[in-house]
Amino acid sequence: MSLAYQPSGILPGFNDPVHEAQQVFRQLLEAMSHPSVIVDIETTAESPGEMREAMTALALTLFDADTPVWLDAALAERASIADYLRFHCGCPIVQSPVEAAFALIGSVECLPRLERFSMGDVQYPERSATVIMETPQLTGGAAVVLTGPGIETTRDFDAVGLPDWFWSAWAVNHGAFPLGVDTIFTCGDEFCALPRSTLAEA
Amino acid sequence: MSARKRKTRHDDGETGYNFAYLDEQTKRMIRRCILKAVAVPGYQVPFGSREMPLPYGWGTGGIQVTASIIGRNDMLKVIDQGSDDTTNAVSIRAFFAKTADVATTEETSKASVIQTRHRIPERKLRADQILVYQVPIPEPLRFLEPRETECRKVHAYSEYGVMQVKLYEDIARYGRITTAYAYPVRVDDRYIMDPSPIPKFDNPKMDNSPALQLFGAGREKRIYAIPPYTTVHSLDFEDHPFDVETWDEPCGLCGATDSFLDEIILDDQGGRMFACSDSNFCTARRADGHTGQFAEDPIEESRKGEPAHV
């Protein structure tokens, strides 16, 4: 008989937390260093509710008691998601986007305006939010052309389902450099990233 | 040292420490700092530097960065002043071989993670490699403005005139910029950054490098980064452009004319030679058949005719 605490309904996290978190982090570091390059992860964690594999693995890799997390309506309406994050990561779930170090967006159509998240402080720009959002597809939509650190010449980015205002808001976000949010786009078990340093043009 | 594989005590859960020494909470904190450092190239992100089992000044910052990124499949190379064989490099390599059981190598081309003290390898790095620098003093303005609060404002508002004045004063006094190592750079046209005490010879290698470059300062508790393909400009003036040091002689061992050379004293009669500081680069060239003037044992050569040492 196992005496381990087994709360009902909470799905398992990583089988091997040390090495899986390391692998996911290295893939994220690769993605953050090469904006819009898509990486695809393997994970043993089981995802609760509307959270998909990549978003779950990123949460397990990055979140802990030091990272306030905000969930959008799509994720917040399922108590199982907040329970999962509280149990595995011990992260506080906050009610307002501006308090969050990380935001999880289950439905990118409902993404709040980027300026509602913490942009950081001009003397401490690292205190900005990282927004992780689930998109219907990472390729196949209207393309923007990216330039900036991590991109040798230019690179196309064409995720599907971003709100109409997203790229004008991104121009403001990039223009505020070194302030600004950093973004990770997930789709199932794939993800890519756009740090604030990336310039996107139509 | 070649790749090696043995069963580790971590796998059996017998040791008192985690994979790669740091606990997972610390690694997560450092990983989050590294991601923000990549997002804001050249900006020094404060982090909660831990006490390591070796003193400050021996690469505790670089070790914490390496410990937070390294995995079981990595191949680690550690260099100190370009050499794989010096105390610091040997100790840190042994540290990770023991605590993370990673394979280690001396060959630059085989490494996936390279931790370095004071040099960038001569061989061009690739996109699948990460270079981790050990940094003693991350703040490029420290000797111009001792107050941390003021330095932070200078970076925040990009008011870097004081650095240009410092370089100008060098020119006014000596006719050239005399900074030879830790030569300040501007990253992506925004932050001025200290590249750690690498010789200015290495500065051009940072510009548009395909490899990710991470910098860790343990005592000063700062992490910063240069993402791949990022502009890194060594500060200069239009009429005094940045240039690197050159040598009159080639490497005494391999004959290279395009590498950074160390001067080595051979005897007390004024005998000396120059040799590549990058030991792996020099060894590989000699293996390819390149030889220099002192390719025969230089110490033995210089000792001929002297009384035997006891």
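It should be noted that the structure appears before, not after, this text.
Residues numbered from 1 in each chain as written. Chains lettered and ligands numbered in written order. Predicted model: local features only at pLDDT ≥ 70, side-chain atom pairs only at ≥ 80, totals over all residues. Heavy atoms only, no water.

Draft legend 1. Molecular detail of the pairing of strand E8 (residues 144-147) of chain A. Residues and elements named next belong to chain A. The side-chain alternation of E8 yields one buried face, formed by Val144 and Leu146, and one unburied face, formed by Val145 and Thr147. Note that E8 and strand E9 (residues 155-157) share three bridges and pair antiparallel. Paired with Val144 across the strands is Phe157, a residue of E9. Two strands pair when backbone bridges link them, and E8 and strand E12 (residues 199-201) are joined in this way by three bridges, in the antiparallel orientation. Across the sheet, the residue bridging to Leu146 is Ala200, located in E12. (Buried < 20%, exposed > 50% of the residue type's maximum accessible area, 1.4 Å probe, protein only. Helix = DSSP H or I, 4+ residues; strand = E, 2+ residues; numbered from the N terminus. Pairing = 2+ DSSP bridges.)

Draft legend 2. Structural view of the state of the cysteines. What the rule picks out here adds up to zero disulfides over all chains. Counting only cysteine sulfurs, Cys187(A) is the nearest neighbor of Cys192(A), a cysteine outside any disulfide, at a range of 9.5 Å. Residue Cys254(B) stays outside any disulfide, its sulfur separated by 3.6 Å from that of Cys276(B), the closest cysteine. (Disulfide = S-S within 2.5 Å.)

Draft legend 3. Seen up close, the sheet that holds E8(A). Residues and elements named next belong to chain A. Pairing is antiparallel across the open sheet formed by three strands, whose spatial order is E9-E8-E12. With one partner strand each, in any of the chains shown, E9 and E12 form the two edges of the open sheet. Pairs of neighbouring strands in the sheet enclose a mean axial angle of 35°, with direction left out of account. (Axes fitted to C-alpha atoms, helices over the stretch in contact; angles between N-to-C directions.)

Draft legend 4. Region of the structure containing unusual backbone geometry. Pro178(A) follows Phe177(A) through a cis peptide bond whose omega is 10°. Within the chain, Ser36(A) stands out as a residue other than glycine whose phi angle is a positive 75°. Locating Ser36(A) in the fold gives a position in the loop between helix H1 (17-33) and strand E1 (39-40). Given a relative accessible area of 8%, Ser36(A) falls into the buried group. Within the chain, Asn208(B) stands out as a residue other than glycine whose phi angle is a positive 55°. When you line up the elements, Asn208(B) lands in the loop between helix H6 (203-206) and strand E8 (212-217).

Draft legend 5. Representation of the pairing of strand E12 (residues 272-276) of chain B in the model. In terms of burial, E12(B) is largely enclosed, as four of its five residues are buried. Hairpin remark: strand E11 (residues 261-265) of chain B followed by E12(B), antiparallel, with six residues in the connecting loop; positive phi at Gly270(B), about 90°.

Draft legend 6. The arrangement of the sheet that holds strand E1 (residues 45-46) of chain B in detail. Residue and element names in this part refer to chain B. One open sheet holds the seven strands; their spatial order is E1-E9-E8-E5-E4-E2-E3, and the pairing between them is mixed. What marks the edges here is a single partner per strand, and that holds for E1 and strand E3 (103-104). With two bridges joining them, strand E2 (residues 75-80) and E3 adopt parallel strand pairing. Residue pairing across strands places Leu76 opposite Thr104, the latter belonging to E3. The strands touched by helix H2 (residues 60-69) within the sheet are E2, strand E4 (113-117), strand E5 (130-134), E8 and strand E9 (222-226), with E5 carrying the most contacts at an inclination of about 150°. Sheet contacts for helix H3 (residues 87-99): E2, E3, E4 and E5; angle to E2, the most-contacted strand, approximately 155°. (Contact = heavy atoms within 4.5 Å.)

Draft legend 7. Representation of the pattern of salt bridges. Residues and elements named next belong to chain A. Under the counting rule described, the total for this entry stands at 31 salt bridges over all chains. One salt bridge connects Arg113 with Glu115, and the closest N-O pair in it is separated by 3.8 Å. On the basis of relative accessible area, Arg113 is assigned to the partly exposed category, the value being 38%. Residue Glu115 is classed as exposed on the basis of its relative accessible area, which comes to 52%. (Salt bridge = Lys/Arg side-chain N within 4 Å of Asp/Glu carboxyl O.)

Draft legend 8. A look at the interface of chain A and chain B. At the junction of the two partners, chain A supplies 40 residues and chain B supplies 40 residues. Across the chain A/chain B interface, buried area totals approximately 3,300 Å², and carbon plus sulfur atoms make up 61% of it. Our count for the contact surface shared by chain A and chain B stands at six salt bridges. For Arg72(B), the salt bridge goes to Asp16(A), with nearest N and O atoms at 3.7 Å. On inspection of chain A and its partner chain B, the count reaches 19 residue pairs in polar contact (both at pLDDT 80 or more). At 12 residues, the largest contribution of residues to the side of chain A that touches chain B is made by H1(A). Looking at the side of chain A that touches chain B residue by residue, the classes come out as 19 nonpolar, 13 polar and eight charged. (Buried area = accessible area lost by both parts, 1.4 Å probe. Polar contact = N/O pair within 3.5 Å; in protein donor to acceptor, adjacent residues only side chain to side chain. Nonpolar A, V, L, I, M, F, W, Y, C, P; charged D, E, K, R; others polar.)

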